[in-house]
Amino acid sequence: MRHLRGYALKLHCPSTNLELKLTNSPMASEHFSTISLLLLVLQCATGLEVEGVAYPLVVATWPFKEAVRAAWRSANEKASSAVDAVIDGCSACEELRCDGTVGPGGSPDENGETTLDALIMNGTTMEVGAVAGMRFVKDGIKAAKLVMDHTEHTLLVGEMASVFAISMGLSGPTNLSSSESIEKWTNWKRNHCQPNFRKNVFPEIGCGPYHVHDVKLNLCGEDDARNCFEAFELQSNVVGRHNHDTISMAVIDKWGHIAVGTSTNGATFKIPGRVGDGPIAGSSAYADDEVGACGATGDGDVMMRFLPCYQVVESMRQGMDPQRAASDAISRIARKFPNFVGAVVAVNRNGVHAGACYGWTFQYSIMNSTLDDVEIITVLP
């Protein structure tokens, strides 16, 4: 019998007998959901042997240990809902400015401004709230929850998302830049605004203003237009671990309910107005109590075209285990974009988790009742 911090459960189903044991610990009913018990009985009817599921559970992209601990304390010690635990975990990451890619003070755009994207999804009700390109408000994930709780909408964007968030009680307006982000932006300007996310524009080197092909032909001159175009064929890879990152977190609470959330300040030196996959349900994150959850990170401009987290959850619904579902979603993108960089982490409703990545080495964090502290899982491409 496997002991899971305050309770133990074993279900053994030989063909002639059924055995279901719970300890007499008062914690047992708190940690194990009715949904899980029903699942075990169903699995037992098929002749399988199943042992206890360790709820609550927190999983998140990257080794953001403090954020995972914050979500764990919320879900475990405070018995918070999955949604509230995700809010607490992502808020901690925003306050800590995880890797400079979450919360205020990081990832300046071409104008030197930091903006925020965030999403929260309730896997029980399938409600979603999100903000994108939000200015002047530092609490991205809390603003997303306000959208979910107090509007019929799913996504608010730009300065009007900021107006909404402030009107609903969040602090602001606040300058989201920091001395570090301004220094990074200043150095980028000195380097002729390289690398950047522009393509098929003129000038090739420089900070603009940029022009499209027809204007570029006029500037290059008709005779040397071919040589002028050739200089634009190679694009700099501006996606990396510390400049294009997201915390994507999933929580299964003590009752087996699932929620996911994301928070990011987007891609460094992005074109103003750009929105990546962070606030897009099904791309950066997705959850369904009936199945499980997924979180994603990487080149959001490419990944959002494939809705990888929706794909992962639906693949698990069709019977794939988390490892196969994660690998399948990543391979679908890699076949079309062999130079992309990204990763997903999948967890089913039983707490089985796995990750898959392409173009980089990926790490994710996990915490559940069987662990003494947050565990970091490394996934190789």
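You'll find the structure just up there.
Residues numbered from 1 in each chain as written. Predicted model: local features only at pLDDT ≥ 70, side-chain atom pairs only at ≥ 80, totals over all residues. Heavy atoms only, no water.

### Structural notes on helix α7 (residues 179-190)
Side chains three or four residues apart in an α-helix point the same way, a direct result of the helix having 3.6 residues per turn.
And step 1. Compared with the 16 Å implied by 1.5 Å per residue over twelve residues, the 16 Å span of α7 between its first and last C-alpha is a close match.
And step 2. Following α7 by one or two positions, His-192 has its phi on the positive side, about 60 degrees. (Helix = DSSP H or I, 4+ residues; strand = E, 2+ residues; numbered from the N terminus. Expected span 1.5 Å × (residues − 1).)

### Topic: the packing of helix α3 (residues 65-77) against helix α4 (residues 82-96)
And step 1. At a minimum axis distance of 7 Å, the contact between α3 and α4 shows a crossing angle of 150 degrees. One element, α3, and the other, α4, form an angle in the roughly antiparallel class. As α3 runs across α4, the sense of the crossing is right-handed. Contacts from Glu-66, Ala-67, Ala-70, Ala-71, Ser-74 and Ala-75 in α3 reach Asp-84, Ala-85, Asp-88, Gly-89, Ala-92, Cys-93 and Leu-96 in α4.
And step 2. Of the residues that constitute the contact of α3 with α4, the class distribution is eight nonpolar, two polar and three charged. (Axes fitted to C-alpha atoms, helices over the stretch in contact; angles between N-to-C directions. Parallel < 35°, antiparallel > 145°, perpendicular 65-115°, else oblique. Left-handed = near helix turned anticlockwise from the far one by under 90°. Contact = heavy atoms within 4.5 Å. Nonpolar A, V, L, I, M, F, W, Y, C, P; charged D, E, K, R; others polar.)

### Some words on the sheet that holds strand β12 (residues 342-348)
And step 1. The strand order β10-β11-β12-β13 describes an open sheet built from four strands, whose pairing is antiparallel. Single-partner strands in this sheet number two, and they are β10 (285-288) and β13 (353-358). Averaged over all adjacent pairs, the angle separating strand axes in this sheet is 10 degrees, with direction ignored.
And step 2. Its contacts with the sheet put helix α11 (residues 308-317) on β10, β11 (292-298) and β12, and the angle it makes with β11 is roughly 150 degrees. (Pairing = 2+ DSSP bridges.)

### With respect to the sheet that holds strand β14 (residues 362-368)
And step 1. Pairing within the open sheet is mixed, and its eight strands lie in the order β7-β6-β5-β9-β8-β4-β14-β15. Edge positions in the sheet fall to β7 (155-157) and β15 (375-379), since each of these pairs with one other strand and no more. Geometrically, the sheet is characterised by an average inter-axis angle of 15 degrees between neighbouring strands, direction not taken into account.
And step 2. Sheet topology places strand β8 (residues 247-252) next to strand β9 (residues 258-264); six bridges connect them, and they run antiparallel.

### Examining the nonpolar core
And step 1. Formed by 86 residues in total, the largest nonpolar core has its most connected members in Ile-247, Met-249, Val-251 and Phe-362.
And step 2. Each residue touching Val-251, except ones within four places of it in the same chain, is listed here: Leu-57, Val-58, Ala-71, Ala-75, Ala-82, Ala-85, Val-86, His-257, Ile-258 and Ala-259.
And step 3. Formed by five residues, the second largest nonpolar core is a distinct cluster that contains Trp-188, Cys-193, Tyr-210 and Phe-269. (Core = buried A, V, L, I, M, F, W, Y, C linked by side-chain atoms within 4.5 Å. Buried < 20%, exposed > 50% of the residue type's maximum accessible area, 1.4 Å probe, protein only.)

### Some thoughts on the state of the cysteines
And step 1. According to the stated counting rule, one finds three disulfides in the structure shown.
And step 2. Paired through a disulfide, Cys-93 and Cys-98 show a sulfur-sulfur distance of 2.2 Å. The S-S bond linking Cys-93 to Cys-98 shows a torsion near -135 degrees; that makes this disulfide left-handed. Per residue, the accessibility class of Cys-93 equals that of Cys-98, and both read buried.
And step 3. Note that Cys-294 is cross-linked by a disulfide to Cys-309, the S-S spacing being 2.3 Å. Taking the torsion about the S-S bond as the criterion, the Cys-294 to Cys-309 disulfide, at about -60 degrees, is left-handed. One end of the pair, Cys-294, is in strand β11; the other, Cys-309, is in helix α11, with 15 residues separating them in the sequence. Each member of the pair, Cys-294 as well as Cys-309, is classed as buried.
And step 4. Of the cysteine sulfurs around Cys-90, a residue in no disulfide, the closest is that of Cys-93, at 7.0 Å. (Disulfide = S-S within 2.5 Å.)

### Some details on the pairing of strand β6 (residues 128-134)
And step 1. Counting buried positions over the seven residues of β6 gives seven, a clear majority of the element.
And step 2. In the sheet, strand β5 (residues 116-122) pairs with β6 via five bridges, with the strands oriented antiparallel. Paired with Ala-118 across the bridge in β6 is Val-131.
And step 3. In textbook terms, the turn of a hairpin is the stretch between consecutive antiparallel strands, and for β5 and β6 this stretch comprises five residues, one of which, Met-126, has a positive phi near 65 degrees.
And step 4. Bridge count between β6 and β7: three bridges; the pairing is parallel. Bridge pairing in β7 places Val-131 opposite Leu-156.

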